[in-house]
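# What the coordinates show
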Amino acid sequence: EQLTDKEVYNKNYYVKRIWFAKYINKNIYDNRNDNSPLVVSRENILEESFNQFMTSQDLNLRANMHIYFVDEIAYDVGGVYREWYSCLFKEIFSKENNFFMENVNKSEDKGSFLIPITEPTFYKSEYLLYYEFIGKVIGKALFDKIMIGQNFNRIILKHLMNYKIEQFDIEDIKYYDISIYNSLKEILKNDMDSNSDLYFVWEISNIEYELIPNGKEILIKNTNKFQFVKKVVEFICYNSISKKIDKLKEGFDFIMSNKSSILQIFTIDEFNFLLSGQSKIDLTNWKENTYYKGYYTKDDPTIKMFWDVLNELTHEELLAFYKFCTGCSRVPIDGFGSLQGTRNKQMKFCIESPPMMDKDENRLIEAHTCFNRICLPEYGTKEKMKKAIYTIINNDTNFFGLK
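Attention here is on the structure that accompanies the text. (Residues numbered from 1 in each chain as written. Predicted model: local features only at pLDDT ≥ 70, side-chain atom pairs only at ≥ 80, totals over all residues. Heavy atoms only, no water.)

This brings us to the overall build of the chain. Check the secondary structure of the chain and you find 15 helices and 10 strands. Overall size of the chain, expressed as C-alpha extent along the three principal axes, is 85 × 50 × 45 Å. Counting only residues that meet the buried cut, the chain has 52% of its 403 residues in that class. In the chain, the share of contacts with a sequence separation of at least 24, taken over all contacts with a separation of at least 6, comes to 70%. (Helix = DSSP H or I, 4+ residues; strand = E, 2+ residues; numbered from the N terminus. Buried < 20%, exposed > 50% of the residue type's maximum accessible area, 1.4 Å probe, protein only. Contact = heavy atoms within 4.5 Å.)

As structure tokens, this is what we get:
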């Protein structure tokens with residue numbers, strides 16, 4: 001069905017997602033050629049990825065990329081690619097790098113990530129270029145149907161969707177800090193002519209910012225209280241982070257060929273799901289979208305034992321094991337039936353039996369993340385299987401190799 005972007009807005013999320021994927025493939029993504037490999041080390045993945053993204057003349061960011069980790073041997077048909085994204089986003093969202101900060105305020109968006117007003121501790125000489133780089137990575141992840149692993153705050157999402165500053169309003173502040181939102185609502189409701197000792201300034205971390213020229217000398221009155229609220233919204237949503245958000249959006253728009261406004265076919269929540277996926281793991285949905293290879297069936301004692309052990313894991317442990325199996329930190333919003341396999345192809349989770357001649361119960365589970373497949377040894381007891389799974393959860397198993 002041929003739909004315009006205005007027509008597709010009123011469709012359900014599933015239709016929008018399919019329409020958007022077709023739009024990207026037709027108008028932006030370069031399916032004609034691949035790139036030379038991107039070679040990075042795990043220890044310096046952020047800096048090395050940044051250098052190649054920002055300086056290489058041969059890297060086509062709108063085409064497929066192939067990733068190689070230094071000293072690791074693997075054919076990248078999707079799994080290494082997803083691992084690269086996962087490791088890179090871990091660095092991007094780390095507290096130490098301070099590109100983003102978790103919103104700890106009481107708000108509608110608590111736990112989402114904001115851009116801090118302060119400058120990052122590291123990369124000071126070129127930190128704005130890092131925001132441009134991050135914007136490019138986010139845009140490419142969107143194309144590749146890779147979940148970024150964290151939720152951005154509504155303010156950042158609206159900027160990425162190309163909302164103009166005039167389209168931000170007091171309701172957006174609820175997603176930033178509910179106490180600020182309530183205070184602004186009180187100002188609008190109250191008589192400020194007889195009850196005001198407030199000026200056109202805004203304070204953050206004991207630093208006062210004038211919202212208008214000579215703001216420290218201008219009292220808030222009934223005649224200008226709407227202007228004051230508007231200026232606070234502009235300050236929080238844009239002015240206080242303008243250099244960083246402009247660079248972030250510059251990188252994102254470069255990937256989107258300056259067509260990011262097409263994302264407005266989605267609601268803010270839908271775009272968040274599209275970008276970040278969901279962290280909740282529905283074990284029933286996982287089981288329903290699993291197939292078996294070799295001599296295993298869903299009724300095999302080893303398989304029943306496997307799902308029993310997973311059912312006893314905490315949510316954090318289940319997420320860690322899921323990442324080991326698939327190379328992804330988030331589940332697609334449509335559930336396990338939409339897991340991505342090799343290069344944008346959907347591929348359900350698979351549990352494969354070991355070779356008939358290999359019954360070693362001391363072997364660990366092997367993951368083939370390119371294909372969302374694990375090779376599950378035939379453990380004789382639940383305790384042995386649990387030990388094997390916890391060995392994966394509690395240790396750094398992120399390493400690629402070929403036998």
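In the contact formed by helix H14 (residues 315-326) and helix H15 (residues 382-394), the axes pass within 9 Å of each other and the chain directions differ by 85°. As judged from the angle between their axes, H14 and H15 are roughly perpendicular. Residues Glu317, Ala320, Phe321 and Phe324 of H14 lie in contact with H15, whose contacting residues are Ile389, Tyr390, Ile392 and Ile393. Among the residues forming the contact of H14 with H15, the class breakdown is 7 nonpolar, no polar and 1 charged. (Axes fitted to C-alpha atoms, helices over the stretch in contact; angles between N-to-C directions. Parallel < 35°, antiparallel > 145°, perpendicular 65-115°, else oblique. Nonpolar A, V, L, I, M, F, W, Y, C, P; charged D, E, K, R; others polar.)

Our next topic: the pattern of salt bridges. On inspection of all chains with the given rule, the structure shows 18 salt bridges. Where lysine 140 meets aspartate 144, a salt bridge forms, and the shortest distance between an N and an O atom there is 3.8 Å. Comparing lysine 140 with aspartate 144, the two get one shared label, buried. Connected through shared salt-bridge partners, Glu132, Lys136, Lys247 and Glu250 make up one network. (Salt bridge = Lys/Arg side-chain N within 4 Å of Asp/Glu carboxyl O.)

Attention now moves to the packing of aromatic side chains. Counted by the stated rule, this structure contains 32 aromatic pairs. Taking 6.1 Å as the distance between ring centres and 75° as the angle between the ring planes, the aromatic pair formed by phenylalanine 100 and tyrosine 131 counts as edge-to-face. With phenylalanine 100 in the loop between helix H4 (79-92) and strand S3 (101-102) and tyrosine 131 in helix H5 (residues 127-143), this pair connects stretches of sequence that are 31 residues apart. Each member of the pair phenylalanine 100 and tyrosine 131 is classed as buried. Between lysine 16 and the ring centre of tyrosine 9, over which it is positioned, the NZ or CZ distance is 4.8 Å. In this structure, arginine 42 is placed above the aromatic ring of phenylalanine 69, and the distance from its NZ or CZ to the ring centre is 4.2 Å. (Phe/Tyr/Trp six-rings, centres within 6.5 Å; stacked < 30°, edge-to-face > 60°. Lys NZ or Arg CZ within 6 Å of the ring centre and 35° of its normal.)

This next bit is on the packing of helix H3 (residues 45-55) against H5. A pair of packed helices can be characterised by two numbers: the angle between their axes and the separation between those axes. Packing of H3 against H5 leaves a shortest axis separation of 10 Å and a crossing angle of 85°. Viewed along their axes, H3 and H5 adopt a mutual orientation that is roughly perpendicular. Only Leu129, Tyr130, Glu132, Phe133, Lys136 and Val137 of H5 make contact with H3, whose side of the interface consists of Leu46, Glu47, Ser49, Phe50, Phe53 and Met54. In the contact of H3 with H5, the residues fall into 8 nonpolar, 1 polar and 3 charged.

Another aspect to go through is a nonpolar patch on the surface. On the surface, Val39, Tyr68 and Val70 cluster together into a nonpolar patch covering about 220 Å² of accessible area. For valine 70, the location among the structural elements is in the loop between strand S2 (67-69) and H4. (Patch = residues over 30% accessible without salt bridge, like charges linked within 9 Å, V, L, I, M, F, W, Y side chains within 5 Å. Areas by Shrake-Rupley, 256 points an atom, 1.4 Å probe, with all protein chains shown as cover.)

Quick look at the sheet that holds strand S8 (residues 349-352) now. Read from one edge to the other, the open sheet built from 4 strands follows the order S7-S8-S10-S9, with strand pairing classed as mixed. In this open sheet, the two strands that pair with only one neighbour each are strand S7 (290-293) and strand S9 (366-368). For this sheet, the mean inter-axis angle between neighbouring strands, taken without regard to orientation, is 20°. Two strands pair when backbone bridges link them, and S9 and strand S10 (residues 373-375) are joined in this way by 3 bridges, in the antiparallel orientation. (Pairing = 2+ DSSP bridges.)

On the surface, a cluster of negative charge is contributed by Glu203, Glu208, Glu210 and Glu217. Take glutamate 203: it is sitting in strand S5 (residues 201-204). The partly exposed category is assigned to glutamate 203, whose relative accessible area is 47%. (Lys, Arg positive; Asp, Glu negative; His and termini not counted. Charge placed at Lys NZ, Arg CZ, Asp CG, Glu CD.)

Read these as geometric descriptors, not functional statements.
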